[in-house]
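Residue-level structure breakdown
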Amino acid sequence: MKLLIIAHAAWRYTGYGVPVLPLVRELRKQGHEAAVLAVEERGPGKLEYRGVKHYLPFRRPYGEDMVRACMKDFGAEAVISLIDPWVFAPAEALAGLNWMAWCAVDQEPPQRGLTSRLAHASRVLPFSEWGAAALRQAQGATGIEARAMPIGIETKVFKPVGREERDRLRESAGLPAGAFVAGMVGAYAGPDRKALKENIAGFCQFAEGHPEAHLLLWCAGAGGMVDEYRGARGAAGERVIPVSEWQVRYGGRPEALAGFSGMLDVLLQASAAEGFGLPILEAMACGVPAIGAANSSMTELIPERVGWLVSDLRPEWGLAGGYWHRPTAEGVAAALRQAQEALADEAVRQCMSQDCRGWASGFDWEIVGERWGVVFAKLDWTILAG
């Protein structure tokens, strides 16, 4: 079967770009070929990147106006969208296609713009079981059964480093010996879904009593906000250290992000909502436990043995028509204290590291690829198209 994948280009270091090449690799193992309609690129044009054909949109940035033409040119029989479906306009832009919507669900109830588009999908594949359940509970959401399909991780890239390598990485980042290092991964945009402000404020509350604590930020678009916000937090704010914007945007390949995770004692990822939370699993594959929030997909991605969940949350009704649940700074600070106290015991640290690696290994791309094989084996496209 030939497939068209609607996603960020495979050269983009984003949550919708990094999975493209591993997905194509796993599909090829099963005898399928795929091309990419590379959303948000400047076209028109066609090019090949690492053996994968890319179509560049030229009118609409998400390419919905040229999906059919790309499918005809490539000979594709089906479409997999790895992008938020609510961006497609009009809502029925992909109607009538053999369309598998592989997507994030992060609001409760799911926003109207999402469900109106999923009504036209042949198969709905949310990244998480939480998202699948939220769609099933939404009245009149799609009429199609939602089945969870996670994003995979490259466990050969994201893997634990030894103590000597960790110390070397920390020294190169200017961190002092004996530091307790938390890290955040994400982007700052719009309504701050990652809850960067609450996480930074919570860290600063914690750090006031822990002079050894440092927070590293791998966050695109956050520079101005971080500089202004941490400047108001006194000495603790000076230990909030952003990675350079250049490194995040242009050097953010998986190997570099794995090195970032290798420096950490704990990943701080207590977001207001997560459709999946890929950095959480990537850190865990490196043996690093995570702090999340007790909402959305994080409730299933962070079981107790591999991290902590902030339960002190504020519901927030979004303009899209669904709830996020934003953590409080006090809740973040409390979770950091729990993490620091637990990881001070070397036996606990080693046990958690092994559990993190074992848990994340269940999301290795080879395993996710097998799940895709099951999906394809059960599909009768002639029935779905009719």
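Let us look at the structure shown here. Just so it is clear, the structure is predicted and the values come from calculations on it, not from any experiment. (Residues numbered from 1 in each chain as written. Predicted model: local features only at pLDDT ≥ 70, side-chain atom pairs only at ≥ 80, totals over all residues. Heavy atoms only, no water.)

1. Describing the state of the cysteines
Under the defined criterion, the tally for this structure stands at zero disulfides. Sulfur of Cys-356: no disulfide; nearest cysteine sulfur belongs to Cys-351 and is 9.6 Å away. (Disulfide = S-S within 2.5 Å.)

2. Side note on the packing of aromatic side chains
All chains considered together, the criterion is met by 14 aromatic pairs. Ring geometry for Trp-317 against Tyr-323: centres 4.7 Å apart, planes inclined by 75°, an arrangement best described as edge-to-face. Through pairs of rings, three or more aromatic residues link up here, namely Tyr-16, Trp-102, Phe-127, Phe-276, Trp-359, Phe-363, Trp-372 and Phe-376. The cationic tip of Lys-2 hangs over the ring face of Phe-74; the distance from NZ or CZ to the ring centre is 4.9 Å. (Phe/Tyr/Trp six-rings, centres within 6.5 Å; stacked < 30°, edge-to-face > 60°. Lys NZ or Arg CZ within 6 Å of the ring centre and 35° of its normal.)

3. Some remarks on the pattern of salt bridges
Inspection of every chain in the model, using the stated rule, returns 21 salt bridges. When the shortest N-O distance is used, the salt bridge between Glu-26 and Arg-25 registers 3.2 Å. For Arg-25, a relative accessible area of 33% gives the class partly exposed. The closest approach of N and O atoms between Arg-166 and Asp-265, which form a salt bridge, is 3.7 Å. (Salt bridge = Lys/Arg side-chain N within 4 Å of Asp/Glu carboxyl O. Buried < 20%, exposed > 50% of the residue type's maximum accessible area, 1.4 Å probe, protein only.)

4. Quick word on the side chain of Arg-326
Within the secondary structure layout, Arg-326 lies in strand E15 (residues 323-327). Residue class for Arg-326 comes out buried when judged on its relative accessible area of 4%. At 3.5 Å, the side chain of Arg-326 and the side chain of Glu-198 are in polar contact. (Helix = DSSP H or I, 4+ residues; strand = E, 2+ residues; numbered from the N terminus. Polar contact = N/O pair within 3.5 Å; in protein donor to acceptor, adjacent residues only side chain to side chain.)

5. Re unusual backbone geometry
Residue Gly-43 is joined to Pro-44 through a cis peptide bond whose omega torsion reads 0°. Structurally, Pro-44 is set in the loop between strand E2 (33-38) and strand E3 (45-49). Positive phi outside glycine occurs at Arg-50, with the angle close to 50°. Positive phi, normally seen in glycine, also occurs at Ser-296, with a value near 45°. If you trace the backbone, Ser-296 turns up in the loop between strand E12 (290-293) and helix H12 (298-301).

6. Thoughts on the nonpolar core
Formed by 130 residues in total, the largest nonpolar core has its most connected members in Leu-4, Trp-102 and Trp-372. Considering every element that reaches this core, the biggest residue donor is strand E9 (residues 213-220), with seven residues. Apart from the residues lying within four places of it in its own chain, the contact partners of Leu-4 are Ala-35, Val-36, Leu-37, Tyr-55, Val-67, Cys-70, Met-71, Ala-76, Ala-78, Val-79 and Ile-80. (Core = buried A, V, L, I, M, F, W, Y, C linked by side-chain atoms within 4.5 Å. Contact = heavy atoms within 4.5 Å.)

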